[in-house]
Amino acid sequence: MQELRIHGRGGQGSVTAAELIAVAAFEGGKYAQAFPAFGVERRGAPVQAFVRFSDRPIRVRSQVYEPDFVIVQDPSLIRDVDVFKGMGSGGIAIVNTEKEADYPVPGGVRLLTLDATTIALETLGLPITNTALMGAFAAATGLISFEALADALRHRFSGALADKNIETARRAYDEMKARAGAS
Amino acid sequence: MALEIMEGSIAIAQAVRRCRPQVVAAYPITPQTHIVEALAEIVANGELSADYITVESEFSALSACEGAVAAGSRAYSATTSQGLALMFEVCFNMAGMRLPLVMTIANRAMGAPLSIWNDQQDSIALRDAGWLQLYAEDNQEAVDLHYIGYRVAEDHRVLLPVMVCFDGFVLSHTYEPVDMLTQEEVDAYLPPFVPKFMLDAKNPVSMGMYATPDYYPEFRYETDLAQKRALEVIREAGREFGEQFGRDYSALVESYRMDDAETAIIAMGSICGTTKEAVDEMRDAGKRVGLVRLRTFRPFPTEDLREALSGVSRVAVLDRNVSLGAGGTVHRGAVVLEVKDALYGEPIPVLDYVIGLGGRDVRIEDIKRVVELCEAGDGDRFYGLRTEVL
């Protein structure tokens, strides 16, 4: 079983990201489980969402404490929350930031950054980064295919909005593929 | 079987649609909201021919259902926590009038202090209202218990309302694979509601009338007898469900790895999934431990539980509620009281662990720790409290 933890702020779409990643994984033939951990339900408050992936039905219901993968939607969270907590060797952390990342991560964790905000602003016209980070997750981990992710996005959004989200995910996917392959 | 992945609440709404209720009345409250939002949309889209009655409170929601069932309709509602508390009076009335209903409870803690998170205090507080209470471990079971729930509630041997309890957020907001029966399959399992008595201007009857001391106890006795009969009706309905669709729900208690078990853990709801993983790990480490999961809390499957526990040396009960003031100087939830009643006279220690209240997370390690405590005879306590209160 592999586990993903997404850190974001209320309103950034962390829960939607977890759900759509689970949908894409399920369509790819895996058992998947996605669920949120709400703190206070309001915009801007730290939110976590989790996804589990397995070849067998998933029974465990606790939150994720030792994630294989972490997505950080908002780098300002890193000051307040230990977003890399519980990660171990072989883990992959994807952080949305425009800067060069020099965050201290646990030993053996691969830190990948992406300027998801700029991609989202250019494609969606809004700083909603979840779709870009889903694309980055697909590229960095290979756990879900881009096609399955695009299907999940098409199912969730309709018309022009679906197209824009798929374009956002595609740009992030391509950028992360280049980066993850190079480093 | 064709698995689809979806949110628990949406799966419940889709299952309810397939049960063809003629009246839906509910008031939105976290974490039940997604169920009733989805149903409102289903009705508005014409996918379900039902009257969706928007109301100003949970009291009205259940009152509308009460009237609908009294008039001969199949009805549905859903709620949680403070919403269920507001239905308290109507809950007793519906059971007393023998009006069958299925209501989903997205289990949540009771305020104060305010908590939107999961435990089972809300439905447990309605223990004596006369409703059947079924508890689901995962979303597949939560979905299927709605079909079974209507079958049992409307059976003329029972005629009582049913709460299908599934853990708020932990199940209601979780995306996971479920197998949704087709409308044809549900129609083949669940016949239309045939009321035994109904409000009909041509054949007038009174319901919920005054009962003097000369008659009142007999009504309570008859209602309790219906609960007893429900034990067998649930087994029957669960067995038939298994015969038709391959998932057998005839057992009122599920025994997991109980062969030769010395320590039995007893629990209800989604915590049982995590507990099964913990049991597997403890078994791998050579510990003889198993889980007995209660699917029904009302009626309480006393005899089934006795049988499931025969041969064990000790019992650890996980109570996701607390019966404040119970147990003299020790701490106890409502489930352990039933377990002790079932095992009365047996020389088996039964220890209680009040755990996971108000959404406090329960991990595999916690279940293992509970078993260690039980082996050491340390129980009848809250588990995992912050140290500053100790």
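Residues numbered from 1 in each chain as written. Chains lettered and ligands numbered in written order. Predicted model: local features only at pLDDT ≥ 70, side-chain atom pairs only at ≥ 80, totals over all residues. Heavy atoms only, no water.

Caption draft 1: Expanded view of the side chain of D352 of chain B. Residue and element names in this part refer to chain B. Position of D352 relative to the elements: it lies in strand 14 (residues 350–354). Within the buried set, D352 has no salt-bridge partner at all; the shortest N-O distance to an opposite charge, 5.8 Å, is to R332. Within polar-contact distance, the side chain of D352 engages the backbone nitrogen of G333 at 2.7 Å. The residues contacting D352, other than those within four sequence positions of it, are V317, D319, H331, R332, G333, V336, G379, D380 and R381. (Helix = DSSP H or I, 4+ residues; strand = E, 2+ residues; numbered from the N terminus. Buried < 20%, exposed > 50% of the residue type's maximum accessible area, 1.4 Å probe, protein only. Lys, Arg positive; Asp, Glu negative; His and termini not counted. Salt bridge = Lys/Arg side-chain N within 4 Å of Asp/Glu carboxyl O. Polar contact = N/O pair within 3.5 Å; in protein donor to acceptor, adjacent residues only side chain to side chain. Contact = heavy atoms within 4.5 Å.)

Caption draft 2: Region of the structure containing the interface of chain A and chain B. With 20 residues of chain A in contact, the opposing surface of chain B contributes 28 residues. Buried area between chain A and chain B, summed over both chains or domains, comes out near 2100 Å², and the portion from carbon and sulfur atoms is 55%. Counting the surface chain A buries against chain B, the share from its top three residues, F26, R59 and R61 of chain A, is 36%. Here chain A is connected to chain B by three salt bridges. Where D280 of chain B meets R59 of chain A, a salt bridge forms, and the shortest distance between an N and an O atom there is 2.7 Å. Viewed at the interface, chain B and chain A are joined by ten residue pairs in polar contact (both at pLDDT 80 or more). For the side of chain A that touches chain B, the secondary-structure elements that each account for two or more residues are helix 1 (14–27) and strand 2 (31–37) of chain A. Element by element, the count of residues in the side of chain A that touches chain B is highest for strand 2 of chain A, at six residues. The residue inventory of the side of chain A that touches chain B, partitioned by class, reads eleven nonpolar, four polar and five charged. (Buried area = accessible area lost by both parts, 1.4 Å probe. Nonpolar A, V, L, I, M, F, W, Y, C, P; charged D, E, K, R; others polar.)

Caption draft 3: Quick peek at the pattern of salt bridges. Residues and elements named next belong to chain B. For the structure on display, the rule yields 40 salt bridges over all chains. For the salt bridge of D128 with R127, the shortest nitrogen-to-oxygen distance reads 3.1 Å. For D128, a relative accessible area of 43% puts it in the partly exposed group. Through salt bridges with shared partners, a single ionic network connects E137, E141, E254, K276, R293 and R295.

Caption draft 4: The domain arrangement of chain B, seen in detail. Residues and elements named next belong to chain B. Split into domains, chain B comes out as domain 1 (3–245) and domain 2 (253–389). Computed from C-alpha coordinates alone, the two centres of domain 1 and domain 2 are separated by 27 Å. Between domain 1 and domain 2, the contact holds 27 residues from the first and 27 residues from the second. Counting each side, the surface lost to burial between domain 1 and domain 2 is near 2100 Å², with a carbon and sulfur contribution of 52%. At the boundary of domain 1 with domain 2, the tally comes to five salt bridges. For the salt bridge of R293 with E137, the shortest nitrogen-to-oxygen distance reads 3.1 Å. Run the count over domain 1 and domain 2 and you get 15 residue pairs in polar contact (both at pLDDT 80 or more). At the level of secondary structure, the elements contributing two or more residues to the side of domain 1 that touches domain 2 comprise helix 6 (121–124), strand 6 (132–135), helix 7 (139–154) and helix 9 (216–245). In terms of residue count, the dominant contributor to the side of domain 1 that touches domain 2 is helix 9 (five residues). Tallied by class, the residues present in the side of domain 1 that touches domain 2 amount to 14 nonpolar, six polar and seven charged. (Domains from an automatic or database assignment.)

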